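Structure assessment
If you want the building blocks of each chain, they are given just below.
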Amino acid sequence: VVTLRGAAPRLRDALADPAVLPSGVVAARDGILVFVGDRQEFERRVTLLPRAIVLDARGGTVLPGFVDPHTHLPFAGWREGEFVARLSGATYESIASRGGGIRATVQATRRATEDELSGLVLERLDALLLHGTTTVEAKSGYGLTLEDELKQLRALRAAAERHAVTVVPTLLGAHVVPAEAREDRDAYVRLVCEEMIPAAARQGLARFCDVFVDAGAFTLAEAERILLAARASGLGLRVHAEQRQAGGAASLAARFHAASADHLEHLDQDAALALARAGTAAVLLPGAAFFLSSPHDAPARRLVEAGAAVALATDFNPGTCPAFAMGTILNLACLRYGLVPAEAIAAATINAAHVLGLAATIGSLEIGKQADLQIAAVPNHLHLAYRFGSNQTLTVVKRGRVVVENGRLTPAAAGK
Ligand code: NIG
Ligand code: FE
């Protein structure tokens, strides 16, 4: 049993300590963990109720459900043509400048109804759960009008109400400036600050606000206005930072004590220290760096050494990471970013929960926390990162209910 118990987030050396119980037993009642310990202690101290469900891990590995703290779930339309174009030399930027990229997904998402989008989200929540993810953050950002951004967030809420996976919604109205607003960027930034953010916050449709700082997206000055408005509306702050070029976005996130700065492929040493000092987590997305064949890797080791809270996410989206398997991300985090398996697992569970402000209730197996856990068909935690390309998750428990059994969804997956 990989417990990951102890102080959260896990920093520096603690990141590599998975706190494993070699012969562990976990017990829950009414969805909350009431025992985590070894077998002998379990036999002395725990009496099962007559209606208790007993799961035998059969020599497998029990760990917390994955927490995926950065995805772009509610989109319509895929972009497989761009994948092929990139293989013959087109770049992400050249595709975007021809109207592809994010703007192509915006067109498809605007055409989709709220019901269609929530159906797509439901399918994706099923897939996430089958791969061991029990909590996911999900961003809008493919609507880029007040109504289409709120439509994406409402679709998320509607799907979340009919699914076991916990969904933490984020407004990403500041993803790019939509094509029709290019002549008046300032009006679009005002729309985000004065209408989208207050509406999403007032209607309880978002917990965080994110902004993409990039040459093709928003400037530091624009991002600052957006973060100020988000803070004033009571939303938590996230920043897509230093993905395509260095530009000071991580330092901006640190200055705002944002919950996280995400991507960080071009992060410099000073900004790594600034994140650590500010308590702004570094959410690393090696799936996106891999999928874009980027030669730039986020400096994961330097972030750990600087004392930053390092978390991992898929960045699931149609352009830069059309994959939702956290197992694949663990593998890439080790092979590309130099984390060891235990560090990657902590980054995808307890530290990811910390990013979302949920470390008190999920992310580790400790008494009093939610019984969100998975059984992987591997003999120890190292295999989770070592055996790439296959789904190791056999069984998933969400709030004490078995939602995946022998690799299949149960009826409980469709409810809270
Ligand atoms: O996180 N960086 C910006 N946004 C997404 C990509 C979105 C897309 O290409 O559709 C990301 O990588
Ligand atoms: Fe992203």
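Residues numbered from 1 in each chain as written. Chains lettered and ligands numbered in written order. Predicted model: local features only at pLDDT ≥ 70, side-chain atom pairs only at ≥ 80, totals over all residues. Heavy atoms only, no water.

A word on the site of ligand 1
Neighbouring ligand 1 are 15 residues; Tyr92, Tyr142, His175, Gln243 and Thr320 lie closest to it. His240 places a polar side-chain atom, nitrogen or oxygen, 3.0 Å from an oxygen atom of ligand 1. Between ligand 1 and Thr320 there is a distance of 2.6 Å, counted from an oxygen atom to a side-chain nitrogen or oxygen. For ligand 1, whose unbound accessible area comes to 330 Å², protein coverage reaches 100%. Put simply, ligand 1 lies in the largest cavity. A per-class count over the shell around ligand 1 returns four nonpolar, nine polar and two charged. (Near = heavy atom within 4 Å. Polar contact = N/O pair within 3.5 Å; in protein donor to acceptor, adjacent residues only side chain to side chain. Areas by Shrake-Rupley, 256 points an atom, 1.4 Å probe, with all protein chains shown as cover. 1 Å grid on protein atoms, 1.4 Å probe; cavity = no way out; pocket = protein on both sides within 12 Å on 5 of 7 lines; lining within 4 Å. Sits in = over half its atoms within 2 Å of the grid points. Nonpolar A, V, L, I, M, F, W, Y, C, P; charged D, E, K, R; others polar.)

Looking at the coordination of the iron ion (ligand 2)
Here the iron ion (ligand 2) is held by His70 (NE2), His72 (NE2), His240 (NE2) and Asp315 (OD), and the distances to it run 2.1 to 2.2 Å. His70 gets classed as buried once you look at its relative accessible area, which sits at 0%. (Donors = N, O, S within 2.8 Å, 3.2 Å for Na, K, Ca; no water. Buried < 20%, exposed > 50% of the residue type's maximum accessible area, 1.4 Å probe, protein only.)

Some words on the pattern of salt bridges
Tallying each qualifying case throughout the model produces 22 salt bridges. Between Arg39 and Glu43 there is a salt bridge whose closest N-O contact spans 3.2 Å. With Arg39 and Glu43 both in helix H1 (residues 39-45), this residue pair falls four residues apart, about one helical turn. Given a relative accessible area of 43%, Arg39 falls into the partly exposed group. (Salt bridge = Lys/Arg side-chain N within 4 Å of Asp/Glu carboxyl O. Helix = DSSP H or I, 4+ residues; strand = E, 2+ residues; numbered from the N terminus.)

So, a nonpolar patch on the surface
A grouping of Phe83, Val84 and Leu87 is seen on the molecular surface, where their side chains present a nonpolar patch of about 300 Å² in accessible area. Relative to the helices and strands, Phe83 resides in helix H2 (residues 80-87). Of the residues examined, Phe83 reaches a relative accessible area of 38% and is grouped as partly exposed. (Patch = residues over 30% accessible without salt bridge, like charges linked within 9 Å, V, L, I, M, F, W, Y side chains within 5 Å.)

Remarks on the packing of aromatic side chains
Throughout the structure, instances matching the rule amount to eight aromatic pairs. Between Phe75 and Trp78, the ring centres sit 5.2 Å apart and the planes meet at 85 degrees, which makes this aromatic pair edge-to-face. An aromatic cluster is built from Phe75, Trp78, Tyr142, Phe316 and Phe324, whose rings are joined through pairwise contacts. Lying across the ring of Phe75, Arg124 places its NZ or CZ 3.8 Å from the centre. (Phe/Tyr/Trp six-rings, centres within 6.5 Å; stacked < 30°, edge-to-face > 60°. Lys NZ or Arg CZ within 6 Å of the ring centre and 35° of its normal.)

Regarding helix H10 (residues 269-278)
If you check which residues of H10 are buried, you get Ala271, Ala272, Ala274, Leu275 and Ala278. Buried residues of H10, seen end-on, are gathered within an arc of 160 degrees and therefore sit on one face of the element. Exposed side chains of H10 directed beyond 90 degrees from the buried face belong to Asp270 and Arg277. Where the residues of H10 are buried, they touch helix H9 (249-255), strand S9 (260-263), strand S10 (281-284) and helix H12 (300-306). Where H10 begins, the side chain of Asp268 points an oxygen toward the backbone nitrogen of Asp270, at a separation of 3.3 Å. Looking at the residues trailing H10, positive phi occurs at Gly279, about 75 degrees. (Arc of directions from axis to C-beta. Contact = heavy atoms within 4.5 Å.)

Thoughts on the layout of surface pockets
The volume enclosed by the largest pocket comes to roughly 1,200 Å³. For the largest pocket, the lining is made up of 45 residues, of which Val26, Ala27, Ala28, Ile53 and Leu55 are closest to its centre. Every element with two or more residues in the lining of the largest pocket is listed here: strand S1 (24-29), strand S2 (32-38), H1, strand S3 (61-64), strand S12 (373-376) and strand S14 (401-405). Of the residues forming the lining of the largest pocket, the biggest block, six residues, is contributed by S1. (Points joined across faces, edges and corners; volume = space filled by probe spheres on them.)

Quick word on the environment of Val36
Tracing the backbone through its elements, the reader meets Val36 in strand S2. For the pair formed by Val36 and Ile367, sequence separation is 331 residues and the distance between their alpha carbons is 6.5 Å. Leave out the neighbours within four places in its chain, and Val36 touches Thr3, Leu21, Val25, Val26, Leu365, Glu366 and Ile367.

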